[in-house]
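# Results of the structural survey
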Amino acid sequence: MKKMTKSTPRGQDVKQSGNKMGDSLGEKILQEIEEQGNVNTEELAKRLDIDHQQVVGAVKSLQSLGNLINSEQKGYTKWELTEEGKSAVTDGSPESVVYQAVPPDTGILQAELMKSVPNAKVGFSKAMSAGWLLMDKNAEGGPRVKRKADSIVDKVQEQLKKLSLGDYQLNDKEKVEYKKRKLMAEVTVKYYVVSKGSEFSTEIRKQETDLTPEMIMSGSWKTHKFKSLNFDALGVPPTSGHLHPLQKVRTEFRQIFLELGFTEMPTNNFVESSFWNFDALFQPQQHPARDAHDTFFIDDPMNAHDFPMDYLERVKKIHSEGGYGSQGYRYDWKIEEAKKNLLRTHTTAVSARMLYKLAQKPFRPAKFFSIDRVFRNETLDATHLAEFHQIEGVVAERGLTLGHLIGVLHSFFKKLGIEKLRFKPAYNPYTEPSMEIFSYHDGLKKWVEVGNSGVFRPEMLLPMGLPEDVSVIAWGLSLERPTMIKYKINNIRDLVGHKVDLQMVQNNPVCRLDK
């Protein structure tokens, strides 16, 4: 026995001890039924001097063993003292306590009395109604309470004492009064009358829950009683993966683009050359965005080498000399800068590749979109990370204007449930005209920026080989900001990165944009 105690975890000992106590009480109940024919659980609890709920728990355990017992639930109502009522029995009613707190000779300021006595408001009102106290409103320092009666009889305390001992019956008026004063409450007492079942026995023999190989081999299963299977019980849910909130919102955005007839661009190149990321977009080589403080440059491999050279020469010319009606930037364009590898700062680099590819064949209108990661050397805070997702839409067609762009933006954002839009002129090196997109936020009660847009410049499109009458409109927004708004996340570091709570990923619901 000592050996078992030593090797068994303490929590298991407690559990086994509790089961033995439950079995002992269950056997006591069965013995009572055998002797008396039936048992009232409330009366049994009083005889054994234990909590009634323990007896009820033992009855429930016996019920789980099959038809060992029959039980019928019954109940009745009775009046019991509340905590305030019990306090009135020991310390006196609230009006009595207030009366005793008033000095016999000098009285007390009403304000001090109300602070010094619990339930002073009710006690003072009742004491005044009973004629025990009077109040001098013209006293110095404010209203003063004085004793009016030389002595009092606390009938409330006397009645409650008799009630607690079972020596007094309340009339209906007193019940209403004491219930209103929260000195007593009507409670319903439920108990069980337990009798013999069809399989009654004074011995507790627990039903088996598992059919073991040993039972089959020995044949002992024939003498065992098995617990019935509950086919309505829910099974244990299998462990599975869970979609991150960003993935859920991304899926919704992707579906919107597909519904609008867009084709998804391949965005698997996280590393781009400066040529496709900057130069092809007519962004000058001395632009601040090319500084290491804004862009992550790659050390190995440091440079890219595979370029369409005829297109590269046209890009070089538009930067350094101008062309197609533009004077360019008039600087010494260097291929060494264009070759530098970097982590792409926007998915517009992918759009540039797709538009160049589109220009190599007879022109056909096209609509592209992409949703993927980009990287910028940002200062980290609650709304900025060095890595985030960009959503981009691009439409190439003959004769497109700024009006078409505004119309497409209204159609796109309406799918998101956003219909209140405003546009503000902006500057981008590769779009002209350019517009920032604002939406009215009903929660914040103000207009907030939700994206950027514009018409790609001829200096970007014509060197690719696109016809002169073809225009390309585009817009972009982040994926993180709408996700944070949708899932009520205040800090982006709680959404992405090493501080993410995996339980948050598991618990968050499916995304449904208000289309």
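Each value, and the rule that gives it
- Residues numbered from 1 in each chain as written.
- Predicted model: local features only at pLDDT ≥ 70, side-chain atom pairs only at ≥ 80, totals over all residues.
- Heavy atoms only, no water.
- Helix = DSSP H or I, 4+ residues; strand = E, 2+ residues; numbered from the N terminus.
- Expected span 1.5 Å × (residues − 1).
- Buried < 20%, exposed > 50% of the residue type's maximum accessible area, 1.4 Å probe, protein only.
- Arc of directions from axis to C-beta.
- Polar contact = N/O pair within 3.5 Å; in protein donor to acceptor, adjacent residues only side chain to side chain.
- Phe/Tyr/Trp six-rings, centres within 6.5 Å; stacked < 30°, edge-to-face > 60°.
- Lys NZ or Arg CZ within 6 Å of the ring centre and 35° of its normal.
- Core = buried A, V, L, I, M, F, W, Y, C linked by side-chain atoms within 4.5 Å.
- Contact = heavy atoms within 4.5 Å.
- 1 Å grid on protein atoms, 1.4 Å probe; cavity = no way out; pocket = protein on both sides within 12 Å on 5 of 7 lines; lining within 4 Å.
- Points joined across faces, edges and corners; volume = space filled by probe spheres on them.
- Patch = residues over 30% accessible without salt bridge, like charges linked within 9 Å, V, L, I, M, F, W, Y side chains within 5 Å.
- Areas by Shrake-Rupley, 256 points an atom, 1.4 Å probe, with all protein chains shown as cover.
- Salt bridge = Lys/Arg side-chain N within 4 Å of Asp/Glu carboxyl O.
- Pairing = 2+ DSSP bridges.
- Axes fitted to C-alpha atoms, helices over the stretch in contact; angles between N-to-C directions.
- pLDDT = per-residue confidence, 0-100.

Between the first and last C-alpha of helix α17 (residues 402–415) there are 20 Å, a value that for 14 residues agrees with the 20 Å anticipated at 1.5 Å per step. Buried residues of α17: Leu-405, Leu-409, Phe-412 and Phe-413, and no others. Buried residues of α17, viewed axially, fall in a sector of 90°; they line one side. Capping the start of α17, Thr-401 holds a side-chain oxygen 3.3 Å from the backbone nitrogen of Gly-403, two or three residues further along.

So, on to the packing of aromatic side chains. Counted according to the given criterion, the structure contains 20 aromatic pairs. A ring pair is formed by Tyr-329 and Tyr-331, whose centres lie 6.4 Å apart and whose planes are at 45°; its orientation type is tilted. Every member of this aromatic cluster is reached through a ring pair, and the members are Phe-253, Phe-257, Phe-262, Phe-369, Phe-412, Phe-413 and Trp-475. Geometry around Tyr-99 places Arg-147 over its ring, the cationic atom sitting 4.4 Å from the centre. Lys-340 extends its terminal NZ or CZ atom over the ring of Phe-297, reaching a point 6.0 Å from the ring centre.

Core analysis: the biggest nonpolar cluster contains 34 residues, and Phe-275, Tyr-311, Leu-355, Phe-456, Met-460 and Met-464 have the highest contact counts within it. Residue assignment for this core shows that the elements contributing at least two residues are α13 (274–277), α14 (309–320), α16 (348–359), β10 (366–375), β11 (387–398), α18 (458–461) and β15 (470–478). Looking at this core element by element, the count peaks at seven residues for α16. For Phe-456, the residues in contact, after removing those within four places along its chain, are Thr-348, Leu-355, Val-394, Tyr-430, Thr-431, Leu-461, Val-472 and Ala-474. One finds Ile-371, Ile-391, Val-395 and Phe-412 within the second-largest nonpolar core, a separate group that totals 28 residues.

Turning our attention to empty space enclosed by the protein. Tallying each qualifying case throughout the model produces one cavity of 30 Å³ or more. There is about 40 Å³ of room inside the largest cavity. Elements that contribute at least two residues to the lining of the largest cavity include exactly α14 and α18. At four residues, α14 tops the list of elements feeding residues into the lining of the largest cavity.

Turning to a nonpolar patch on the surface, a few remarks are in order. On the surface, Leu-211, Ile-216 and Trp-221 cluster together into a nonpolar patch covering about 310 Å² of accessible area. Note that Ile-216 resides in helix α11 (residues 213–218).

Turning our attention to the environment of Glu-387. Considering the arrangement of structural elements, one finds Glu-387 in strand β11. By relative accessible area, which is 30% here, Glu-387 ends up partly exposed. Look past the residues within four positions of Glu-387 in its chain and what remains in contact with it is Arg-373, Val-374 and Phe-375.

Take the sheet that holds strand β4 (residues 133–136) next. Strands sit in the order β3-β5-β4 across an open sheet of three strands; the sheet is antiparallel. Across the chains shown, the open sheet's two edge strands, defined by having one partner strand only, are β3 (108–109) and β4. The sheet contact formed by β4 and strand β5 (residues 144–147) spans four bridges and is antiparallel. Counted as the bridge partner of Leu-134 is Lys-146 from β5. Lying on the sheet, helix α8 (residues 120–129) is in contact with β4 and β5; it crosses β4 at an angle near 105°.

To continue, consider the confidence of the model for the protein chain. Detailed conclusions should not be drawn from predicted coordinates in areas where pLDDT is low. In this model, the protein chain carries a mean pLDDT of 83, and residues with pLDDT of at least 70 account for 89%. Note that residues 1–22 has pLDDT below 50 and, in this model, two contacts with residues that lie over four places away or in other chains.

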